[in-house]
Amino acid sequence: MNALPSTTDGAAWAEPLVRVVGLTMAFGGDVVQRDLDFEIRRREVLAIVGASGCGKSTLLRHLIGLQEPAAGQVLYGGQDLHHCDDETLATLRRRFGVMFQAGALWSSMTVGENVMLPLRMFSPLDRRERELQARFKLALVGLDEAFDLEPAALSGGMRKRAAIARALALDPELLYLDEPSSGLDPFSTRRLDELMLNLRQHLGTTVVMVTHTIDSVFAVADRALFLDHQEKTMTALGSPHDLAEGGPPRVREFLRRGPRR
Amino acid sequence: MQLDATTLAAWDAGTAPALWRLLAPLRRQGVLVDTHGLPDAVRAALELALPAADAVPDELPAEPGGGGFLHAVRRGWRDALDTAAFIGEVLLALGRLVRGRAVIRWSDYARQLDQTGPMSLPIVSLTCFLIGLMLAYMGGAQLERIGAQTFIADVVTVGVVRELAGLMTGVILAGRVGAAFAAQIGTMKANEEIDALRALGIDPIDYLVLPRLLAMLTVAPLLIAYAALVGVLAGLPPAVGIYGVPSFEYLHKCLDALTWTHLWIGLFKGTMYIALVALAGCREGLHAGRDAQAVGAATTTAVVKALVWIVVAASASTVLFQSLGL
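Since we're looking at a predicted model, the values are computed, not measured.

A. Seen up close, the overall build of chain A. When you go through chain A residue by residue, the secondary structure sums to 10 helices and 10 strands. Within chain A, the proportion of its 261 residues that are buried is 42%.

B. Region of interest: the overall build of chain B. The secondary structure content of chain B amounts to 12 helices and zero strands. Order of helices (α) and strands (β) in chain B, N terminus to C terminus: α-α-α-α-α-α-α-α-α-α-α-α. A compact globule built from 326 residues would reach a C-alpha radius of gyration of about 20 Å, whereas chain B, at 32 Å, exceeds it by more than 25%. Across its three principal axes, chain B shows a C-alpha extent of roughly 105 × 55 × 35 Å.

C. Highlighting the interface of chain A and chain B. Counting residues at the interface gives 14 residues for chain A and 11 residues for chain B. For the side of chain A that touches chain B, the secondary-structure elements that each account for two or more residues are helix H3 (86-93) and helix H4 (111-122) of chain A. Sort the elements by how many residues they give to the side of chain A that touches chain B and H3 of chain A lands first, with three residues. A breakdown of the residues in the side of chain A that touches chain B according to their chemical character gives 11 nonpolar, two polar and one charged.

D. Highlighting the nonpolar core. Residues Ile-48, Leu-138, Tyr-176 and Phe-226 of chain A together with Val-277 of chain B are the most contacted members of the largest nonpolar core, which totals 146 residues. Apart from the residues lying within four places of it in its own chain, the contact partners of Phe-226 of chain A are Val-49, Gly-50, Met-234, Thr-235, Ala-236, Leu-243, Val-251 and Phe-254 of chain A. Ranked by size, the runner-up nonpolar core spans five residues in total, among them Ala-16, Leu-19, Leu-38 and Val-42 of chain B.

E. Focus on the domain arrangement of chain B. Under the domain assignment used here, chain B contains domain 1 (1-56) and domain 2 (102-323). Computed from C-alpha atoms alone, the centre-to-centre distance between domain 1 of chain B and domain 2 of chain B is 66 Å.

F. View of helix H3 (residues 68-98) of chain B. Taking 1.5 Å of rise per residue, 31 residues should cover 45 Å, and H3 of chain B covers 45 Å from first to last C-alpha, within 8% of that figure. Phi turns positive one or two residues past the end of H3 of chain B, at Gly-100 of chain B, with a value near 75 degrees.

G. Broad picture of the sheet that holds strand S10 (residues 233-238) of chain A. Residue and element names in this part refer to chain A. Strand order across the open sheet formed by six strands is S6-S7-S8-S3-S9-S10, with mixed pairing between neighbours. Looking at the sheet topology across the chains shown, the edges are occupied by strand S6 (96-99) and S10. Averaged over all neighbouring strand pairs, the angle between strand axes comes to 15 degrees, with direction disregarded. As judged from the five bridges shared by strand S7 (residues 174-178) and strand S8 (residues 206-210), these two strands associate in the parallel manner.

H. Focus on the pairing of strand S3 (residues 45-49) of chain A. Residues and elements named next belong to chain A. Here S3 lies mainly inside the structure; five of its five residues are buried. Across the two faces of S3 the burial is the same, with Val-45, Ala-47 and Val-49 and Leu-46 and Ile-48 all buried. Where S3 lies against S8, four bridges are found, and the strand directions are parallel. For Val-45, the partnering residue across the bridge sits in S8 and is Val-207. With four bridges joining them, S3 and strand S9 (residues 223-228) adopt parallel strand pairing. By the bridge assignment for S9, Leu-46 is matched with Arg-223.

I. Spotlight on the pairing of strand S1 (residues 18-27) of chain A. Residue and element names in this part refer to chain A. Alignment of S1 against strand S2 (residues 30-40), held across seven bridges, turns out to be antiparallel. Bridged to Val-18 within S2 is Ile-40. With antiparallel pairing between neighbouring strands as the criterion, S1 and S2 make up a hairpin whose turn holds two residues, including Gly-28 at a positive phi of roughly 60 degrees. Examined bridge by bridge, S1 and strand S4 (residues 71-76) share five bridges and lie antiparallel to one another. Residue pairing across strands places Val-21 opposite Gln-73, the latter belonging to S4.

Cut-off values and rules
Residues numbered from 1 in each chain as written. Chains lettered and ligands numbered in written order. Predicted model: local features only at pLDDT ≥ 70, side-chain atom pairs only at ≥ 80, totals over all residues. Helix = DSSP H or I, 4+ residues; strand = E, 2+ residues; numbered from the N terminus. Buried ≥ 20, exposed ≤ 12 C-beta atoms within 10 Å, placed from the backbone. Rg over C-alpha atoms; globule rule 2.2 N^0.38 Å. Contact = placed C-beta atoms within 7 Å. Nonpolar A, V, L, I, M, F, W, Y, C, P; charged D, E, K, R; others polar. Core = buried A, V, L, I, M, F, W, Y, C linked by C-beta atoms within 7 Å. Domains from an automatic or database assignment. Expected span 1.5 Å × (residues − 1). Pairing = 2+ DSSP bridges. Axes fitted to C-alpha atoms, helices over the stretch in contact; angles between N-to-C directions.

Structural data, given as structure tokens:
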């Protein structure tokens, strides 16, 4: 399922992009999830699923370094995101882009400026090159005509796609998406699903998404990681189809309403 | 347990709730309750509301623990620590700025400059004009009793330049600008825009707080000087019109009373108040909760905090400068 390019030299590709080791997440003294161990493989689409409030978005916040783990590590190529010097942290951050749940476009700027800001901060490009890059990234998500619009003028789905364009600004190898299909109609959801697969196919982007939408999990995810609300740890990791057939009972229950293909 | 409803003649919308109140505790204890025999509509609604015999109750969020005085003290203490940490971070960011390593958005600075400065002029003019007017009018009434009307100029000049211009400008900016800072930044927080900055490695203090603080610090001395000028001139009409002080004498005495010490103390204190307004607004915005209601609360808190800080700073600095003999 995990399609690798033919020109691969095995060693580099076999190395996972991210390795999560014994991660325990807590708010104050309340453990949200404990002892998470998994890796994010190159060019896979990994879906993080589970009931509301089980800690999916919290896990995402740990993966991108917005929240400190209570225990354990998030390793990018062997380097700990949460315990490294500022310079390393800055380079590690360049390796992923993030789309937040409602897009989180900076409302005081136009869509184009939103995409150009990371470039202005972290790339040596001059103004004209930045604009070209931004227009190109917006074209990738099908929004090239929205360059001069304010984020408020966009629909929910367009906002999310613009946010993906912004996340892609610095050409990250990994894209984190927080609930890409929440609040979207089925058509927009399908469009986003296709976008994810296209990005993976054409740019080789690895995609990790937190989602509630079982249809999307079956449509795009190579693997699904199930966070259990009651046991407070991950209880399954594997292809959605396998989990729907032979996973633990609560995982099967969760994935049951998905279409079987 | 079996329900016998054969004698039930009529039922209404209250029947199912009444039965539910009786039966739900039984069902929870695992007692089998058979609702057959009830009218269909009552039975259907009842079955829907009653917990299933083997249901696991949903875990409800725990009530926020500990009310009362101790809790309030602890919260206040934590809030004070947070504020101290925030001010420390701002100072660090200022240090980075001086060393040219802060990521600051100068277009934002320009926009804030415009919002805080020129846009505040009308309301600053109005309030300080009225303050000067009042001060001259009331001060004159007292001084007239000892025939010292010419000293109205001294009262107005010292009062306005040293204390009131800064105070009033601070209060106005707290309502006009501090609240806007909290609302802007709080909305960004609720919309995860702050997280989007942090995920990129852009420090929100550098990027959002510094331009606002610097804009406020830039306009503060100018606004205060302008407010003082308006206030002093506003003392002229009552002095001349009511107490018969010649206008040339009023202005001359004003210039006499206006020493450098009064001027710099007035500018210093006012600038300090305005910096506090900016800090309170930004801090409350950054600490806002994640929903729309929290943004409103942050805005209110920002204004209240700014006013309290201003009054505390005003008293402390007045005592300090008096004891220094300035």
